Structure formats: C-alpha cells, structure tokens
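Chain and residue survey
Residues per chain, in single letters:
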Number of protein chains: 2
Amino acid sequence: MATAAVLSIGTELTRGELVNSNATWLADALTNAGFAVIELISVPDHAAHIGSLLGRIGREYDVAVCTGGLGPTTDDITTACVARVLGVELERDEASLSAIRARFERFGRTMAASNEKQADFPRGATVLPNPKGTAPGFSVQIGRALSFFLPGVPREMTAMFEASVAPAIAGLVSDAQRQIILRTHGLSESQVNDRLAGIEADHGVTLGYRATFPVIEVKVQARDLDADSAERRARAAADVVRERLGPRIVFGEGDAAFAEALGKALRERGQRVACAESCTGGLLGELLTERGGASGFFAGSIVAYENRVKTELLGVPSELLESEGAVSRSVARAMAEGALRRLGVDLALSITGIAGPSGGTAEKPVGLVHYAAATEAGTTDKHFVFAGERDQIRLLAAFAAIALGLRVVQDGHPGPDSR
Amino acid sequence: MATAAVLSIGTELTRGELVNSNATWLADALTNAGFAVIELISVPDHAAHIGSLLGRIGREYDVAVCTGGLGPTTDDITTACVARVLGVELERDEASLSAIRARFERFGRTMAASNEKQADFPRGATVLPNPKGTAPGFSVQIGRALSFFLPGVPREMTAMFEASVAPAIAGLVSDAQRQIILRTHGLSESQVNDRLAGIEADHGVTLGYRATFPVIEVKVQARDLDADSAERRARAAADVVRERLGPRIVFGEGDAAFAEALGKALRERGQRVACAESCTGGLLGELLTERGGASGFFAGSIVAYENRVKTELLGVPSELLESEGAVSRSVARAMAEGALRRLGVDLALSITGIAGPSGGTAEKPVGLVHYAAATEAGTTDKHFVFAGERDQIRLLAAFAAIALGLRVVQDGHPGPDSR
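Residues numbered from 1 in each chain as written. Chains lettered and ligands numbered in written order. Predicted model: local features only at pLDDT ≥ 70, side-chain atom pairs only at ≥ 80, totals over all residues. Heavy atoms only, no water.

1. A look at the environment of A261 of chain B
Residues and elements named next belong to chain B. With respect to the helices and strands, A261 occurs in helix α10 (residues 258–268). We classify A261 as partly exposed; its relative accessible area is 21%. In contact with A261, other than residues within four places in its own chain, are F251 and L406. (Helix = DSSP H or I, 4+ residues; strand = E, 2+ residues; numbered from the N terminus. Buried < 20%, exposed > 50% of the residue type's maximum accessible area, 1.4 Å probe, protein only. Contact = heavy atoms within 4.5 Å.)

Here is the structure:
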C-alpha cells in the first residue's frame, strides 16, 4: 500500500497557538485517496529541523504533502530548505512573478519587494498555481517521496490540493477502501469492543473506535481491489456490528445526531415532544433542536431551575417539592406530566438532578438524576447516578432522557414492575 | 534551552477523523513551561511506527509527552510498544487494577476483562494516577527523553499533565515564566491583534492568540529570572491589554465562562434572570447554567419553538406573529416581556431567529436573529445577521443576548435613539 506523510511548518503550531486543522484535512483527503497516512508532523520555522525532516521523509514515504512557510516574511524558509536538501539553486519563475504582481494590481495594491521571493523555486520543481492567493506551490521528488509544498492558508491549500495534488497522486494507489461509521450510545468503549470480538478476522475488515462523549463511534474499514467489493465487505461487517449491538445501541450512521432517532420516530407518528428541564438548564431542548427540521417534532420546553417555576409553570405541587425534594422520582413525574398538559404535546420528557459540583448529600449525591417520559397513556420514570464533571452529568442525563423517550414512543410504557 | 516533543498515537488522527487539539494544548503547556517544542507528531496504532518513533524521540529530545493508545481495546498498544523499545516486560500493577475496578463499582458497573490490561506497565515505570478516568498513565526514561504517556481523553490528559507532568519537568528549565490568559468576545482575531500592536516590544512579553469559537483568548506570556518578576511583567502587560480592549471585550481571565460576568452582575444586585428562546432551543439557558452556582441568579426559561407556545406561554399576540412573523423585532420584545412577567424576574432575555440551514428568505436570511432584554424599566432589542453554520449562528445569538443583558444590568436601557 502506498504510504504518505503530512508535514506542517510553522512555529505557531509547535508553540500551540493554532490547532492544526490543515493536517487533519490532508490526512482525510490522502486516506480517501487510498494512501496509508503514516505520520502527521509539525516543526517550527527553523532550517535545521525542516532539513532533517525532509531528509527522513524522502527515505520513508511515497508521498509527502507539506504546508506552510511559503509566505513573504523572513521566517518563511520552506522553499530555501527544500533547495538545500536537494542540493540545487533557487530559480526565479518569471511567469509566477508576473501572476503575483498582477494579483496585487487587481486589488489596487503594489507588490512589496518581499513578495518577489514567492516566485523562487528549487531548480527542476513543478510550479503549482494558486488560484485563491499569492503564493504558488511546487512539487519535487525528494528521495522516494513525491513531495508537494502548499501554502498554509486553508482555503488556498485545499483548492490547490484538489486542482494539482489529487490528480498527480491518483496513479500511485491500486486498491480501493470504504469506511462505514456506526454511532452508538449506552455502552462503554470496552463493552462495545468486547461485543465485537472476532468480526475483524471473520470479515477481513478493520474496526476502529472513537469516543466523542457520550457517543462511541465504531468505524468499519474495508479495503479491496475495487470500490464495489470494498463497499460490500464493509457493509457485511457493519450489518454484523448492528446485529451484535442491537438497535438501542446503534442509533445512526455517519454524522447522525442522537436526538435524530427520536425526531424520526416522532415525525413518523405525527407526534410532538416538549421538555421540562431543571439541572440541564435547556440542554435537552438544545440537543433536540441541534439539527435543522426540528420544528417538525419539537414544540418547546419549560426550564424550571427554581422550585417556584416548577410550581407556577409546570404545576408541580409545592408540598411534593417540600416532602420529596426537587430531585425525586415524584417531582420528575410531575414535571413531565405538567409539560405534557401545559404544552399540549404527545410526549413530554423531564429531567431533575444534581449536576454539581456542589449540592450533593450522602442520600442524594452529585450525579443523581431523576428523569421521566409522560404520554396520554401514562408516565415512566428512571433514575441514575451519572459519573463525571458537571457538563458530563448534564449531557448523560439529556441523552438518557432522549433514550427513554424513544423507547416509550416505540414500545409504549413498560408494565408497573418493569422499570 | 530544554527541548520537547509531543507525540499523539491513534489511527483516527492519521486518517484525518479528528483534529488534534491535544497536541496543541500540550505544545502550549510545554512552551509555557519553558521548553522549546521541536515537533508535534501523530502516528497510527501500529507497533512498527510507534516503535521507530519512540527510538528517534529518545535520541533527540529532553522531554516527550505522548497521548493515546492506553485504552482497553485491541488497538490500544502504546504501553506494549514502550516495553518493547525499553526491552522490559509488562508488569501488572495491583494497586492500579484495584483502583480501576473500584471506579467501575462506584458507578454500579462491572469491570470488563479488557480493562485489566490498563493496569499493565513497563517494568520500572512510574505510574501516574488518573483522577478523572479509568486509564492511568506512566513515565519512563527512553534514551535521553524523560517520557510521559497519558490517555487521549482531553479532560483526563490535561488534569494528569497538571498534576503529574508539570511538577516532574519543572526542574529541567532554568528561567521562570508566567502566562495570563484574557478571554475576549466581540472582536475578530485580527481586530484584537491590531489594537494590541506594540505591547510586545514595550513590555517585553509575547502575545499569543487562540480562537475557541466565539471567544478569542489573548495569552500574555512573560519570561524572567524568577517567578515574581515574570508575574509582574505579565501583569503589567495584561493591564495594558485590558485597557486597550476595554471591559466589554475582555470578559474574564483563565477559564472564565462568558455567562459568568452576567451572573456576577446579577448576584451583586440581588437580581434574577429568565429566558424566552426560540431558534436556540434552550442553549441560552444552558450557557447561563454551565457553571455551578447558577441557582443564585437563574430562574428558568420558556423555550417557545412553536408559535403556539409563544402565544400560550409567553403571551405573544398571535396577530403580531402573523403580521410581523416570528422572527421580528416586535416578537423578540414581546417574548422578553412575556418571560419577565410569567417568570417574575428582574431581567428577561429573548432570542428569535433563523438558524438554518433552511428557512431563510431574501428579506429574512439564514442567520438573522432578533433578541431583546426586558426589565421593569423597559425593553431594549437588537438584531444581527450572524454568519456561519446552524450551531455557530445559535452560539453567536446566545452570546449576543448575554452581552445585551449584561449591558442593560450595568447601564440600564439606552435612550430611544441609541439602539
């Protein structure tokens, strides 16, 4: 398999002043083009570090794509470093110089003397035009690696990759690859991993895991001689993953949001949902409206952070708040039932809990959350002590309430003993 | 100057599936600790690549900090690779195993068999406890490099760096440095940069910028012979930054949340806030309750996504909704005034807008948001067409409403001509 490396040059990266989204974009593009990307590396604008990096890359990889250090200022030294590694002179490209000058004139400005060096390239390099900015790029062969040098400005870099790099490297890969991402909720990464044991060997695929709290993604990656075969292989393995984990755990593919499954179930039934939130402060409604089209199933929420608001807007009896406390099974049920009535919906979800960091007691610790789902047919409640920081507890509580809502919409309320 | 490298292990990085914010965080932390960070490198979960990387790092740097590959799944192989490079066996640490098992039990779950290997370490390693998660880290000497291995989960990694790595490497650098982070909202990065021109030269500090949408952080970094001198130098420059940008722009230091300034202003006055939200779905209330202690100033919200809810729960006249449309100045004002009355608070904030991706028209494009702040003394409204994706528009709208609320609490409503 053809290998690739992504190089990023700039002291702002190694000082931690800028997240390197260029490297991620290039890694994704090269992976999709069929390359095994073996390293992403950032080094500062220092000649010695750039030089030793280029030498190493030329020994180890088939393709290298490098961004940064092509600008006009004194710390932009990438081109000079490449010439030194290759042992060739820099040569001015008059066509590029005219293009740079014309670009400045088009915007009513005069080219600064420092821009002239952006038309200098190592002798023998192929110049890559920059349709969206000043600095052209170039490609050269360094040892084994066909190497591309692009500016660090993201929109210039991506346009040049697609126009000049992608066509130049297409011939270097032979097989095709396909990836299916399954998004899961409800099991830990290790539980998911345990349940999927053996699938890699049985189906000739690679399984990868990625946690984007509180979602665990399972990535099913297949490689084959052509795209259709890779697709079939990935799909067959993904079907087994879905079967092993079940539909409660796998809630979608690709970039599906967790709340979309509930939204879809509601829309299919012509139903609408509302929320009654306390400790989540509005997060539950926010998740339900995260994607466009939420007006097809979401009516609104009453966020009753104060007890007074629980009573006045949700009709929770103040005696109940006093006798059971705001974080209790009865209050969660009364909140959901209040929202069902007040907002006139088919399903109401409620959350009341102790998100912390303070406010916990021995009996009701930080993380304790009561939540409920009410419909015309009845109310189901649950509770759990969620682990983590305040933001995690709130997110886990909102996800749990959505999961409960989905179950009630799909299966109705469980019997009295099956909480 | 002592040198450092940041290593990131994970195929999700080299496949371009995840932007590597860990590496940027560590580069920033190591730079602030006084190290010259010479490379940031990401490699996939492959033994050969990890092994050759560790060998090279041990020859080239004084300190290496590595994240990722300490999880329970089969693709987590960092620990085994370190043992192989050092030529030592893996040894199970019973104390760590008990801690992992206890952590599972505390949350009412049983430890999976695959978690056991998270208690295995190269013989001779120093175990680094993980107060926020399952996987402990460890440190070992690899060649010249004092090397630290941390989990890839950002909150666990940052906590362990501060607790275990920072103290261990502090002795390797000679001069002292101090950093003050000022958090700003309301100007672009280049506007902030322009306003702060000259401060670096005048005060002998370095200014860094970091965008965490929609907040721009200004990092004032000072280096001096001892900690007190560095502190004084950083503080003097930070004062100038505050003066140049003004108190509306600089809302806090360190990890201050934007809503905290409003919470503080309300608490100081013994006042309470409520919200009336439409397109933000609950985000405004969520931001106001993001940090603990929100019950000191936050009463609740009415999220009126449907027009019917705007009328029934907020008292927005249905004629107004028909004649002006839900996204209009009058409806934003009526929503805020409705929340003020219904929730009986001192300040009510409202948001109604078109977050997209669909729903825009030529007259009311995607991104148009009307928002208002109502008090007993009156109502002030504003509107803006925010740029970006749905999530960005919602976040910008919520920040704008909070900023308006802060202004009204501090200065009252502007005159009729000063909208």
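2. Focus: the side chain of T352 of chain A
All names here are of chain A. Secondary-structure assignment places T352 in strand β15 (residues 347–353). One polar contact links the side chain of T352 to the main-chain carbonyl oxygen of A326, over a distance of 2.8 Å. Setting aside residues no more than four positions away along its own chain, T352 makes contact with S278, C279, K310, A326, V327, S328, A332, M335, L368, V369 and H370. (Polar contact = N/O pair within 3.5 Å; in protein donor to acceptor, adjacent residues only side chain to side chain.)

3. Here's the deal with the pairing of strand β9 (residues 176–184) of chain A
Residues and elements named next belong to chain A. Among the nine residues that make up β9, seven are buried, leaving the element largely enclosed by the rest of the structure. One ladder, built from nine bridges, connects β9 with strand β11 (residues 215–224); its direction is antiparallel. Residue pairing for β11: Q177 is matched across the bridge by R223. As judged from the three bridges shared by β9 and strand β12 (residues 250–253), these two strands associate in the antiparallel manner. Across the sheet, the residue bridging to R183 is G252, located in β12. (Pairing = 2+ DSSP bridges.)

4. As for the packing of helix α12 (residues 307–314) of chain A against helix α14 (residues 329–343) of chain A
Residues and elements named next belong to chain A. Interaxial distance between α12 and α14 falls to 9 Å at its minimum, and their mutual angle equals 40°. Of the possible angle classes, the one that applies to α12 and α14 is oblique. Taken as a pair, α12 and α14 cross one another with a handedness that is left-handed. Touching K310, E312, L313 and L314 of α12 are V331, A334, M335, G338, A339, R341 and R342, all from α14. Considered class by class, the residues forming the contact of α12 with α14 number six nonpolar, one polar and four charged. (Axes fitted to C-alpha atoms, helices over the stretch in contact; angles between N-to-C directions. Parallel < 35°, antiparallel > 145°, perpendicular 65-115°, else oblique. Left-handed = near helix turned anticlockwise from the far one by under 90°. Nonpolar A, V, L, I, M, F, W, Y, C, P; charged D, E, K, R; others polar.)

5. A word on the nonpolar core
Residues L288 of chain A together with L288 of chain B are the most contacted members of the largest nonpolar core, which totals 79 residues. Residue contributions to this core peak at 13 residues, all from helix α15 (residues 390–411) of chain B. If you look at the next biggest cluster of nonpolar residues, it comprises 50 residues, including L54 and A64 of chain A together with C66 and A135 of chain B. (Core = buried A, V, L, I, M, F, W, Y, C linked by side-chain atoms within 4.5 Å.)

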